[in-house]
Amino acid sequence: MVYLPGNLGPLYPFTAGVFVALMMAQIEILRKKCHSYSEIINKSVIEAVDSLNPFMHARGVAFMVDNCSTTVWLGSRKWAPRSDCILTQQALVVVDNNASINRDLITTSSSTQCMALLKYVCS
């Protein structure tokens, strides 16, 4: 755990890594479905940073989900147990076993194009 300057609270590296990996997976899926880069960046990065993350920090995930549309509420209730299972029974086990990282997944991903675009936009 790393403590950030100011009153931002602790940063858990594994949690941050999972968050980024999930965001990059979403980017990859949207790219494969032929969404534009501007839409991908807006839906995957900007909305998370500007809206969802601050809201979840202030009120919590459950409050956010319970106050969303029925479609979002039902989807999150359906996928939460599956995501929890994947994290606890697969991802955490792999980390605990010190398995090597498959770098091909990183270098061949179209998400690297989005990262380059983000660096350009944010500079």
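Please refer to the structure placed before this passage.
Anyway, here's the lowdown on the structure attached to this text. What you see is a predicted model; the values in this text were computed from it and never measured. (Residues numbered from 1 in each chain as written. Predicted model: local features only at pLDDT ≥ 70, side-chain atom pairs only at ≥ 80, totals over all residues. Heavy atoms only, no water.)

## Considering the packing of aromatic side chains
Stated precisely, the cut-off is as follows: Centre distance within 6.5 Å is the pairing criterion for rings of Phe, Tyr and Trp, where only the six-membered ring of Trp is used; planes under 30 degrees apart are then read as stacked, over 60 as edge-to-face, and the remainder as tilted. Each ring is checked for a lysine NZ or an arginine CZ that lies within 6 Å of its centre and within 35 degrees of its normal; such an atom marks a charge sitting over the ring.
Per the stated rule, a full pass over the model turns up one aromatic pair. Looking at arginine 82, its charged tip hangs above the ring of tryptophan 79, at a distance of 4.6 Å from the centre.

## A short note on the pattern of salt bridges
Put simply, the rule is: Criterion for a salt bridge: a side-chain nitrogen of Lys or Arg within 4 Å of a carboxyl oxygen of Asp or Glu. Numbering goes from the N terminus for both helices and strands, where a helix is a DSSP run of H or I of at least four residues and a strand is a run of E of at least two. Burial classes: relative accessible area under 20% of the type maximum marks a residue as buried, over 50% as exposed, and values in between as partly exposed (1.4 Å probe, protein chains only).
In total, this model carries two salt bridges according to the counting rule given. Between glutamate 28 and lysine 32 there is a salt bridge, with its nearest N and O atoms 3.9 Å apart. Taken together, the positions of glutamate 28 and lysine 32, both in helix H1 (residues 13-32) and four residues apart, correspond to about one turn of that helix. Judged by its relative accessible area of 17%, glutamate 28 falls in the buried class. Judged by relative accessible area, which is 65%, lysine 32 ranks as exposed.

## What about a nonpolar patch on the surface?
Just so we agree on the cut-off: Patch members must show over 30% relative accessible area and no salt bridge, and they are joined within 9 Å when carrying like charges or within 5 Å when they are nonpolar side chains of Val, Leu, Ile, Met, Phe, Trp or Tyr. Working definition of accessibility: Shrake-Rupley area with a 1.4 Å probe, residue cover restricted to the visible protein chains.
On the surface, Phe14, Leu92 and Val95 cluster together to form a nonpolar patch covering roughly 220 Å² of accessible area. If you trace the backbone, valine 95 turns up in helix H4 (residues 70-96). When its relative accessible area of 42% is taken as the criterion, valine 95 is described as partly exposed.

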